[in-house]
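# Tertiary structure, described
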Amino acid sequence: MAAALPRIMGILNVTPDSFSDGGRHADPVAAGMALREAGADLIDVGGESTRPGATPVPLDEELRRTIPVVAALSRAGVAVSIDTMKAEVMRQALAAGAMMLNDVSALQADPESLAVAAQSTAHVVLMHMPGNPQTMQALADYRDPAAEVIAHLAARIAVAESAGIARERLIADPGIGFGKGLEHNLAILRQLEAFHSLGVPLLLGASRKSLIPAIAGPAPVADRLPGSLALALRGAEAGVAWLRVHDVGATAQALKVWAAARA
Ligand code: HH2
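Residues numbered from 1 in each chain as written. Predicted model: local features only at pLDDT ≥ 70, side-chain atom pairs only at ≥ 80, totals over all residues. Heavy atoms only, no water.

## Examining the overall build of the chain
- Summing up its helical and strand segments, the chain has nine helices and eight strands in all.
- For a compact globule of 263 residues, the expected C-alpha radius of gyration is about 18 Å, and the chain comes in at 17 Å, within 12% of that figure.
- Its C-alpha atoms give the chain principal-axis dimensions of about 40 × 40 × 40 Å.
- Classification of the 263 residues of the chain by burial places 55% in the buried group.
- Considering only contacts within the chain whose residues lie at least 6 apart along the sequence, 69% involve residues at least 24 apart.
- Working note: accessible area of the chain is about 11,000 Å², and carbon and sulfur atoms make up 56% of it.
- The distance from the centre of the 22 positive side-chain charges to the centre of the 26 negative ones in the chain is 3 Å. (Helix = DSSP H or I, 4+ residues; strand = E, 2+ residues; numbered from the N terminus. Rg over C-alpha atoms; globule rule 2.2 N^0.38 Å. Buried < 20%, exposed > 50% of the residue type's maximum accessible area, 1.4 Å probe, protein only. Contact = heavy atoms within 4.5 Å. Areas by Shrake-Rupley, 256 points an atom, 1.4 Å probe, with all protein chains shown as cover. Lys, Arg positive; Asp, Glu negative; His and termini not counted. Charge placed at Lys NZ, Arg CZ, Asp CG, Glu CD.)

## A few points about unusual backbone geometry
- One non-glycine residue, Ala106, lies in positive phi territory at about 55 degrees.
- Relative to the helices and strands, Ala106 is located in the loop between strand E4 (100-103) and helix H4 (113-119).
- With relative accessibility at 1%, the residue Ala106 sits in the buried group.
- Phi angles above zero are rare outside glycine, and Leu107 is one such case at about 65 degrees.
- Within the secondary structure, Leu107 sits in the loop between E4 and H4.

## Some details on the side chain of Glu48
- By secondary structure assignment, the location of Glu48 is in the loop between strand E2 (42-46) and helix H2 (59-75).
- Note on Glu48: relative accessible area 11%, which makes it buried.
- Only 2.8 Å separates the side chain of Glu48 from the backbone nitrogen of Val57, close enough to count as a polar contact.
- For Glu48, the contacting residues outside a window of four places in its chain are Thr15, Pro56, Val57, Glu62, Met85 and Lys86. (Polar contact = N/O pair within 3.5 Å; in protein donor to acceptor, adjacent residues only side chain to side chain.)

Structure representation (structure tokens):
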């Protein structure tokens, strides 16, 4: 029997400086609804860009950007995740209806995040990133990238479980582009199946990332859909549970066609 298709996490950045769609949405709630109409199973709301070297956003500003959007989408019956490294943003997003926490620091950036996650019933994405967005590219140094990222994620899963977050709530993400050069990203993508040894569902976020022009030649962010779809299908082939993408409709179509043609 064919494996289930990955579910689609649609990216909704409420930031002026995200690498791919910063400042694009005049009406973020309408943009989120449109992502759902296009086939997103869940909308990932983020108020702080995590691109290399991005400026950290103060708490008040991140709350101001994200919480009304989380609340409005949740009220409209849309499943929402909150992309944040701040425990207070997690807390208020959960109160506003978020059902998933997406933390690129794997609950390390804020000492209160583990407790906030443990006290909730939300799913929690633990992503691999060495250091933080300011330092991560200087820390891109691996002998065996896939094995080292798997070991890091296994350790974070163990920490989360001992803090009281049931394994059934955890999702692991190799963190494509976070503190990784092209060869590291490619090693991880080629060995994606090995990440199933973690024993939790996997999430892949490669949409529009800079490995696409690094592989295929110069392409501005807006012209990276073909490469993004290729990476999404690689994730599907490897059996990931979730794909974090900007181009939801195109990804949904690619997944359906890919699945039908191989069943
Ligand atoms: N990538 C970005 C942000 N959040 N979360 C997870 N779990 N996995 C990812 O790969 C991931 C993520 C990329 O950073 P950002 O600068 O915010 O850009 P965008 O949100 O447009 O992808």
